[in-house]
Every structure is written in structure tokens, then in C-alpha cells.
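Observations on chain architecture
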Amino acid sequence: MALHHPELAERVREQRRRMPDLYGSIDFDRTPHRFTTDPQVKSDLPAWVADRDSVLADERAVELIRTTTMLGDVVADPYAALAKQHGAKGLIDMLRKACRSGVDSVADAPDELRAFIASMEAAPEWLDVELVEEGARQLRIGAAFLSPYITRGAFLATFINTYAALPMALTGALTGRRASRRVNETANFFAVTTLPGALERYGEGFQAAAMVRLMHSMVRCNALISPEGWDPEVYGVPVPQVDQMPAGLFNMYLAAVLARSAGRDEFSPRERAMLEFSRYRCFLLGLPEELLPTTASGIIEVFHARAATLRRGFDDATCGELVRSTMAADLRQRNSLLDQAAETVERSWSRAFFLGICGGDLKRAEAMSVQFGPVDAACVAATAPFVLGRFVAMSVVAGQPLLRKLTDCYTTRVVKQRLAEYGNPEYTTDAATYPRRATSGAT
């Protein structure tokens, strides 16, 4: 029984009523195996991060994570299910046209498409558009000068748990050449959304968010109807909202930890703008407001609650293969000596970032197929003055009123250069390429 989040629980149950063919066999009142509050079972929350018993004592937070573990996308999923009639390409073409020219420009637009676009157009009451633009300006600096060196490492962090990583493994989207495409698509999305006006109704970021939602929903639908099956009693709902929250708010989690270490729960004006931007981007991606706190303690709470209730599991055949294929992927479209050198530097930074996620535990990182050696340490040390120095310098200069406009023009130009390097994103998934595999043997 939902004591703390009844409206959210009703949204979960609504999935079965809206899509009985897809969700009819799922018992939403049953807790999936991936979710655990058993103190004897290891979770994904490291002891050095927080005390698990204290986190589990917060019944409201625990209920929130349990509920959103069973929540897909109540408006994008019905549209994705139309692939049987229109095909994946047809859905993508209609969605792109609706984003660029309005849903009325789509001939015979399905009601599911209208509902999808309407949900994104219905701006939340809390939205401050000017604050969103200021947050985008702040985050553009990272997108231009820091993200290219750590995106792969951050991507790897999504593969360290079998239960959360399985949808990617099931699609086969991170093996071979498709690995580089997925990493670059992720980098492209987070970069394009920071461009000026990108999250406005007809902006590039709005369309990118819609395309990402459709891709997630297609993965969700394809997984649930796969002949090999998706075991909801073990994994819950594929690509649940609770698993999308960390990627959308990770930057704010780091900011929240720093704020709390400084003895404050409220964000600074700069951090508040970044939070407004991040929350609105998450809203466009379909995340419920309950997963988008407004305080430092609230953000830390949901991050720790998710980790404390996610059963630990690292299956080398699933997680290890995803990590190895992602690390081996060549992210650059050219193969010049300069590009090869840049790839080497980026890999070292990504390994360093992943090591940080592992709490600096070299053995743990190595067990997950990420070897951070002396060469990587030397590479990071040699390039840190350039990578971190430029990022910090641009952040400081961007705060000077007289130089703000000039700095932002330069930063925007660099972001657009990055987007050209990442290539044009496809934001699609093909069920025909999904490998046949058993999905009930996670440990």
C-alpha cells in the first residue's frame, strides 16, 4: 500500500490499464528481486558513501524508489507500441516532425503522439524559464571543456549493476561498432540540451529529449515482448524511471555533496540555476517530480535510497562485456595521429573517472574490467593543467559581467564543434538485432 506516494503508485497501476498487452502480466504489487531492504543482502550503496541502515530507515524514500522501479513512461510507451503499425522509422519521422513543426503538421497524427507531445508541452508550475537558461549557460562550460574527457567513464558507471544494465545488454546496443554510437549519442544529448534556447518548445534539446524518451520506450516494449522474455519478477520494469534519475541529476548530486560538506542545504544562486535546468531536462525526459528534489539533502536522499535498495550484482557476461566493449570503442570519426592521441587521453580520463566512482579502489575497478595503470595516471597528470585548468578558467571568466557575453559565445561555438565530432544521433533501437539470451539468472 502506498502511504507516502499514492498518486505515483496510481500512475504505476495505470500502465496495466493503458497497455494491457504489454503490462497485463506484470504484478505491480509484487516487489521485484532487484529491490531489497534486507540488511543481510548486499546493495549498491558503498559503506564509505553512507550508512545503509540509516538510509533504509527513511520509509518515504524507500517507498519512492520501490514505486519508481516499476514505472515506465505512461505517455511514450503507448506511442512506442505503435511500431507494429507504423514501424520504428515511421514513429521517429512523425515524432521529429511534431517536434519541429507541431503535432498538427503530422498527417493523421495518432492520438498517442498527441498525448506524448502534449505532456512535454505542459510546463510544470515550478518552471522558471530564465533560471533554466542561466543554468544552461553554466553547464555549457562543462559540456564544452570537461564532458568530452569523462563521458565514457560516466557511461561505464551505468553498467556496474546487472539489474540496471540488463536492458542495454538485451538490445545488443553496446557491442561492436554500436558501442561508439551509443556513447556519442549520450554525449550529444547532454551537450545539445545546453545550447541557448535548446529546451524551448521548438528547440534542439526539446526534440532530443523526445527522441531519447521514444528510444527508451522502444527498448522497454521490445524487452517485454521478447521471445526470450523479460522477467519482471526479477528486474521490475525495463528502463524504469528510477534508473534514469542518476544520469539526469548526477551533476547536482556532486554539487549537493559539496554543499552539505560546506554545512549548507540550500544551493547557491549558480547551483540553483543548474538545478532548475537539470530538473526541467529530466521533466522533458519523463521523470516524475518526486524524483527531482530541490534541496541538497533531498538529492542525496534519493541517490542513496536507490543505491541502498538496489541488489548488488555484477555479471561479467552482462556488465563486464558492456564495460569492455565501451572502453574498446573508437569514439572519433577520423583516425589521424592527433585523433589517436586524443582518444588515448580521453580513455585515461574515463578510467580515472570510473575509478573515482569506485571510491579509488583499483582492485574493484579492475574486477569490473577497467584497468587504471601508471600510464593512465601519467597521462591524466600531464593533461590536467590543460583539461581542468581551461575548465576552471572559463568558469571564472564566465562569472565576470563584462566578459560574460564574449565567453558564452566562445563556449557555445566549442559546444557546436563537439556536436559535430559526436555525429548525428539516431536515437533508435532495432528489436531484430537483440541477442537471444536468458534473463533470469542474475546473481
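Quick look at the structure, then. (Residues numbered from 1 in each chain as written. Predicted model: local features only at pLDDT ≥ 70, side-chain atom pairs only at ≥ 80, totals over all residues. Heavy atoms only, no water.)

1. Some remarks on the layout of surface pockets
If you add up the space inside the second largest pocket, you get close to 560 Å³. Put simply, the parts of the chain that give the lining of the second largest pocket at least two residues each are helix 9 (147–156), helix 11 (178–192), helix 18 (337–357), helix 20 (374–398) and helix 21 (404–422). (1 Å grid on protein atoms, 1.4 Å probe; cavity = no way out; pocket = protein on both sides within 12 Å on 5 of 7 lines; lining within 4 Å. Points joined across faces, edges and corners; volume = space filled by probe spheres on them. Helix = DSSP H or I, 4+ residues; strand = E, 2+ residues; numbered from the N terminus.)

2. Some details on the nonpolar core
Membership of the largest hydrophobic core comes to 125 residues, with the highest contact counts inside it found for Tyr79, Leu95 and Leu113. Among the elements that take part in this core, helix 12 (residues 204–224) stands out by supplying 11 residues, more than any other. Look past the residues within four positions of leucine 95 in its chain and what remains in contact with it is Tyr79, Leu113, Phe116, Ile117, Ala210, Met211 and Leu214. Formed by 10 residues, the second largest nonpolar core is a distinct cluster that contains Leu146, Val345, Trp349 and Phe353. (Core = buried A, V, L, I, M, F, W, Y, C linked by side-chain atoms within 4.5 Å. Buried < 20%, exposed > 50% of the residue type's maximum accessible area, 1.4 Å probe, protein only. Contact = heavy atoms within 4.5 Å.)

3. What to know about the pattern of salt bridges
Two side chains with opposite charge may pair up if their charged atoms get near one another. What the rule picks out here adds up to 27 salt bridges. Taking the shortest distance from any N to any O, the salt bridge between arginine 114 and aspartate 104 comes out at 2.9 Å. Within this pair, whereas arginine 114 is found in helix 7 (residues 111–121), its partner aspartate 104 is found in the loop between helix 6 (83–101) and helix 7, the two being separated by 10 residues in sequence. The exposure class assigned to arginine 114 is partly exposed, which follows from its relative accessible area of 34%. Two residues, arginine 418 and glutamate 421, come together in a salt bridge whose shortest N-O distance is 3.8 Å. Taken together, the residues arginine 418 and glutamate 421, both in helix 21 and 3 residues apart, mark about one turn of the helix. Overall, glutamate 421 belongs to the partly exposed group, its relative accessible area being 38%. One salt-bridge network, held together by shared partners, links Arg152, Arg332, Glu343, Glu346 and Arg347. (Salt bridge = Lys/Arg side-chain N within 4 Å of Asp/Glu carboxyl O.)

Nothing here speaks to function; it is geometry throughout.
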